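Secondary and tertiary structure notes
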Amino acid sequence: MAAQENQNVIVMRHGDRLDNFEELWVMKAERPWDPPLHQDGKIRAFCTGQKIRSNMDFPIHRVFVSPFLRCVQTAAEVVRALCDVANHNGEFNNSNSDSVIIDPSKVKVSIEYGLCEMLNLVAIRAAAAPKDGDFKFSISQYESELPAGTVDNTVEPVYKKLPDWEETLESARARYVKVVKALADKYPSENLLLVTHGEGVGSIFSELNKDATVVEVEYCGHLHAKRTIQFGENQSFTAGEFVYEKQTGIVSAAK
């Protein structure tokens, strides 16, 4: 008989970005389009990882993350919380990951271009955008931001490069929906956490809640969706439609 189980996917926005706290940062930054996290953002990301671990009744097996630095740093903090080896008995009191000891075998992390920020002037201010349209990401450098032993760079990405600059809002939203399903289909027996941007989270929320409009996605706001997977022979599977379960930090209104 074919086995049936649920696949869970969490889609999450990054933490507090530095340029929203230090207005002059953009003026002196070498990469003004790619701000890091503010320290508050790192704390928020780590605490959110703790809450996900304690509140969900399933483990996260694999994390995919946008190549933007704020997302990579968010994923690093969340992964440290998920891989913490200490027995907290369901209670997490640490507000940061400084003293955390992890088991890197618990979660594997990969960078996915398809989860990147919208590459248009809606999301990236003209003054901050690269003049030549080249965002100059060093994937190996950003992988070094992730906890040692957690990176799986053997994964074939869904998007092998960034979308073209000045993609439309509609195409960006369709991209987020496409890449979430594609990643879930690649790993049907695993539960996934996808770290992306506000529009990415909002796009998935709207796809699953057709009668709602997203007003705001807060820093580290996230949603949980799941679907049934029916496994057959020779690694074949049949997947049901994703069903919205719950959210944290997403403000929406009825259409």
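One can find the structure itself at the top, above this paragraph.
What you see is a predicted model, and the numbers here were worked out from it, not measured in a lab.

Once that is clear, we can look at the pairing of strand β4 (residues 192–196). Counting buried residues in β4 gives 5 out of 5 residues, a clear majority hidden from the surface. With 4 bridges connecting them, strand β2 (residues 62–65) and β4 associate as parallel partners. Opposite valine 63, over in β4, you have leucine 193 as the bridge partner.

So, about the packing of helix α5 (residues 169–186) against helix α6 (residues 198–208). The N-to-C vectors of α5 and α6 enclose an angle of 75 degrees; their axes lie 9 Å apart at closest approach. Considering the angle they form, α5 stands roughly perpendicular to α6. On α6, the residues that touch Leu169, Arg173, Tyr176, Val177 and Val180 of α5 are Glu199, Gly200, Ser203, Ile204 and Glu207. A per-class count over the contact of α5 with α6 returns 5 nonpolar, 2 polar and 3 charged.

Glancing now at the side chain of glutamate 143. Tracing the backbone through its elements, the reader meets glutamate 143 in helix α4 (residues 139–143). For the buried glutamate 143, no salt bridge exists, and the shortest N-O distance to an oppositely charged side chain is 11 Å, to arginine 62. Ignoring sequence-local partners within four residues, the contact set of glutamate 143 consists of Ile111, Val151 and Asn153.

Conventions used here
- Residues numbered from 1 in each chain as written.
- Predicted model: local features only at pLDDT ≥ 70, side-chain atom pairs only at ≥ 80, totals over all residues.
- Heavy atoms only, no water.
- Buried < 20%, exposed > 50% of the residue type's maximum accessible area, 1.4 Å probe, protein only.
- Helix = DSSP H or I, 4+ residues; strand = E, 2+ residues; numbered from the N terminus.
- Pairing = 2+ DSSP bridges.
- Axes fitted to C-alpha atoms, helices over the stretch in contact; angles between N-to-C directions.
- Parallel < 35°, antiparallel > 145°, perpendicular 65-115°, else oblique.
- Contact = heavy atoms within 4.5 Å.
- Nonpolar A, V, L, I, M, F, W, Y, C, P; charged D, E, K, R; others polar.
- Lys, Arg positive; Asp, Glu negative; His and termini not counted.
- Salt bridge = Lys/Arg side-chain N within 4 Å of Asp/Glu carboxyl O.

No statement about biological role is implied by the geometric values presented.
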